[in-house]
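Tertiary structure, described
Okay, here's what each chain looks like letter by letter:
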Amino acid sequence: MENTLRNVIIIGSGPAGWTAAVYASRANLAPLLFSGIEPGGQLMTTTDVENFPGFPKGILGPELMQVFREQAARFGTEIIDSAVERVSLAGEEKTVWANGKEYKAKTVIIATGATAKRLGLDSEKALYGKGVSACATCDGFFFRDKDVIVVGGGDSAMEESLFLTRFAKSITIVHRRDAFRASKIMQDRVTAHPKIRVIWNTAVSEILGIETGHVTGARLKNIETGAETEMPIDGIFAAIGHEPNTALFREQLPLDAKGYIVTEGKTTATAIPGVFVAGDVADSRYRQAVTAAGTGCMAALDAERFLAAQE
Ligand code: NAP
């Protein structure tokens, strides 16, 4: 089967990839989907998804991804649970390498998503899931009556901090500059909240607690003076943005200033004919499961029309 020239290869298995697969398979395009490095994507690390239409009682992130997968499989999507190692997108035949094998297709839909940025400290890695998190909505529940730090100054940091007020005793936002970049309304909510305080011009230089196996504190460094202090803390949330997963494509496709894949006009087409993109890898603005699913549908329709025009 590796030698067949397929109609569509889909890379990625978040809401964008699975929706593209549902549409492409129902259009009889017999798509092949690679589920990638993190099958299911970012929703695999969330708990309740309450804003995906059609689930009035909410659904767990991993369960939602399982039903997406079942729906795509039902219409004949071929699924390979591997990461793609390399791609060659130019020309009429696109090549994708995975598991040391070569797969060819007339079109490729890129739906590789984005990953939450980390602070990049060894102690962060060692204590990940033991008080260190990148997702308040996933893990906030575990910090009832605890003291936590949120790092960042964008809308995500504001949103995570406000969400954490439901559980935590106190939230300290640690921001590296003296001003937030978040929207005014979110800033106002944060500064007015009695549980939240802000430490400006400061970076987290170390997370403490490796010897006890869970976070016990943070070392904070004032960026202007270089002075370091230690603060006892139970949890630390990095809300410092996301990075689109473009490593496979960045030599071949144009990216915008933030590193996201550029699409042509209001379509999912990229600069290379036959290559389409869906979901967070091309979206720094909305980043929702439902918008990712919507663009997955668009990408499949764009691929279908592209193939029809070739015939
Ligand atoms: P963002 O706007 O890029 O903000 C990231 C923040 O983290 C910035 O304040 C940045 O500091 C800081 N930061 C980055 N790297 C850091 C590092 N290594 N160490 C310490 N701090 C670091 O990202 P975002 O907040 O995730 O938002 C992304 C987009 O989604 C935005 O367009 C936002 O408006 C949108 N969004 C909207 C909502 C909403 O409307 N409800 C919610 C979430 C996100 P600097 O300020 O110094 O650069």
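Residues numbered from 1 in each chain as written. Predicted model: local features only at pLDDT ≥ 70, side-chain atom pairs only at ≥ 80, totals over all residues. Heavy atoms only, no water.

Concerning the overall build of the protein chain
Basically, it comes down to this: In DSSP terms, a helix is any run of H or I states spanning at least four residues, a strand is any run of E spanning at least two, and both are numbered starting from the N terminus. Note on classification: 1.4 Å probe, protein chains only; a residue is buried when its accessible area is under 20% of the maximum for its type, exposed when over 50%, partly exposed between these limits. When checking whether two residues touch, look at their non-hydrogen atoms; a contact exists if any pair is within 4.5 Å. The accessible surface values rely on the Shrake-Rupley method and a 1.4 Å probe; as for residues, cover is taken only from the protein chains in view.
For the protein chain, the helix and strand inventory stands at 7 helices and 19 strands. For the protein chain, the proportion of its 311 residues judged to be buried stands at 47%. Long-range contacts, defined here as pairs at least 24 residues apart, represent 59% of the contacts in the protein chain between residues at least 6 apart. Put simply, the protein chain shows about 15700 Å² of open surface, and 50% of that area lies on carbon and sulfur atoms.

A short note on the domain arrangement of the protein chain
So the rule is basically this: For each domain, the first and last residues come from an automatic or database assignment.
Under the domain assignment, the protein chain is made up of domain 1 (5-115 + 242-310) and domain 2 (118-238). The C-alpha centroid of domain 2 is placed 32 Å from the C-alpha centroid of domain 1.

Points about the site of the ligand
Quick reminder of the rule: Nearness is judged by heavy atoms alone; a residue qualifies as near a molecule or strand once a single heavy atom is within 4 Å of it. Identification of polar contacts relies on pairs of N or O atoms within 3.5 Å, with a donor-acceptor requirement for protein atoms, meaning one able to donate a hydrogen and the other able to accept it, and with residues adjacent in sequence counted only if both atoms are side-chain atoms. Under the convention adopted here, Pro, Cys and the residues Ala, Val, Leu, Ile, Met, Phe, Trp and Tyr are nonpolar, Asp, Glu, Lys and Arg are charged, and Gly plus all remaining residues are polar.
Near the ligand lie 15 residues; those nearest to it are Asp155, Ser156, Glu159, Arg177 and Arg181. Residue Asp155 places a side-chain N or O atom 2.6 Å away from an oxygen atom belonging to the ligand. Here a nitrogen atom of the ligand and a side-chain polar atom of Glu159 are 2.8 Å apart. Protein contacts shield 70% of the accessible area of the ligand, which totals 910 Å² for the unbound molecule. The residue makeup of the shell around the ligand, split by class, is 2 nonpolar, 7 polar and 6 charged.

Considerations on the layout of surface pockets
Keep this limit in mind: As defined here, a cavity is a set of points on a 1 Å grid over the protein atoms alone where a 1.4 Å probe fits but cannot get out. A pocket is an open set with protein on both sides within 12 Å along at least five of seven lines, and residues line them when an atom is within 4 Å of a point. Grid points are joined across faces, edges and corners, and a volume is the space filled by probe spheres set on the points.
By volume, the second largest pocket is sized at about 260 Å³. Lining the second largest pocket are 14 residues; nearest its centre among them are Gly279, Ala282, Asp283, Tyr286 and Thr295. Ranked by residues supplied to the lining of the second largest pocket, first place goes to helix 7 (residues 289-310) with 4 residues. In the lining of the second largest pocket, the residues fall into 6 nonpolar, 6 polar and 2 charged.

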